[in-house]
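# Residue-level structure breakdown
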Amino acid sequence: MTANWADFAAAEPQLAATVEERFGAFTHHVLVTLRADGSPRTSGLEVDFRRGELWLGMMHGSLKARDLHRDPRFALQANPGEGTGMGGGDVRISGRAYEVPDGPDKTAYTEEVEPPQPFHLFRTELTEVVRTSVEDEKYLVVQVWKPGEPLRVIKRT
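On a predicted model such as this, the values are computed, not experimentally measured, just so you know.

## So, the nonpolar core
One finds Trp5, Phe23, Leu56, Leu76 and Ile93 to be the most contacted residues of the largest nonpolar core, which totals 26 residues. Among the secondary structure elements, those contributing two or more residues to this core are helix H1 (5–11), helix H2 (13–24), strand S3 (47–50), strand S4 (53–59), helix H3 (63–70), strand S5 (73–77), strand S6 (90–99) and strand S7 (119–135). If near-sequence neighbours (up to four positions away) are discounted, Leu56 is found in contact with Leu31, Leu45, Val47, Leu76, Ala97, His120, Leu121, Phe122 and Thr124. The next biggest cluster of nonpolar side chains, apart from the first, holds five residues, and it includes Trp55, Val100, Tyr109 and Leu121.

Here's what the structure looks like:
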């Protein structure tokens, strides 16, 4: 089961706001895709939350775009920031990314964002959102959301 960003935000608005805030704190994040041999590839990436979707834009012909064409599975890790503090927590999104073909959706996105041309634009389907944070300087708290399931919260000392 998968969901888009709007589905996730409707199901867990507080967690969605926190995740967007963490991604909004920095420009560059880490995208993990799968190479042709199945090994992971990590790449820097800017993300965009717009019109109820999580969008991934990338340079035309990039290796990460080729990876997603071959296998749409991805993991996206928010930039944790400087130092060793967790700030608003560590957030990760997993799912599948599908390229948006030329047409009204890509045109609307291009008009709003004005990305360098040519470029690949991917719409995401979420399979998991995870936030790990520290509470009261004592507990490690892991929040796990999956489509169709209630939010699971795990506290560890």
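## A word on the pattern of salt bridges
Under the defined criterion, the tally for this structure stands at twelve salt bridges. Taking the shortest distance from any N to any O, the salt bridge between Asp71 and Arg73 comes out at 2.8 Å. Exposure remark for Asp71: the relative accessible area of 17% places this residue in the buried category. Of the residues examined, Arg73 reaches a relative accessible area of 46% and is grouped as partly exposed. Salt-bridge contacts for Lys155 lead to Glu135; the nearest nitrogen and oxygen are separated by 2.7 Å. Taken as a pair, Lys155 in strand S9 (residues 152–156) and Glu135 in strand S7 lie far apart in primary sequence, 20 residues in all. Under the relative-accessibility criterion, Lys155 is labelled partly exposed at 48%. Residue classification places Glu135 among the partly exposed residues on the basis of a relative accessible area of 28%. By sharing partners, the salt bridges in this structure join Asp48, Arg50, Arg51 and Glu112 into a single network.

## Brief notes about the pairing of S6
Of the pairings in the sheet, the one linking S5 to S6 comprises five bridges and is antiparallel in character. By the bridge assignment, Gln77 is partnered in S6 with Arg92. Direction of pairing for S6 relative to S7: antiparallel, over a ladder of ten bridges. Along S7, the bridge assignment pairs Arg96 with Glu125.

Each value, and the rule that gives it
- Residues numbered from 1 in each chain as written.
- Predicted model: local features only at pLDDT ≥ 70, side-chain atom pairs only at ≥ 80, totals over all residues.
- Heavy atoms only, no water.
- Core = buried A, V, L, I, M, F, W, Y, C linked by side-chain atoms within 4.5 Å.
- Buried < 20%, exposed > 50% of the residue type's maximum accessible area, 1.4 Å probe, protein only.
- Helix = DSSP H or I, 4+ residues; strand = E, 2+ residues; numbered from the N terminus.
- Contact = heavy atoms within 4.5 Å.
- Salt bridge = Lys/Arg side-chain N within 4 Å of Asp/Glu carboxyl O.
- Pairing = 2+ DSSP bridges.

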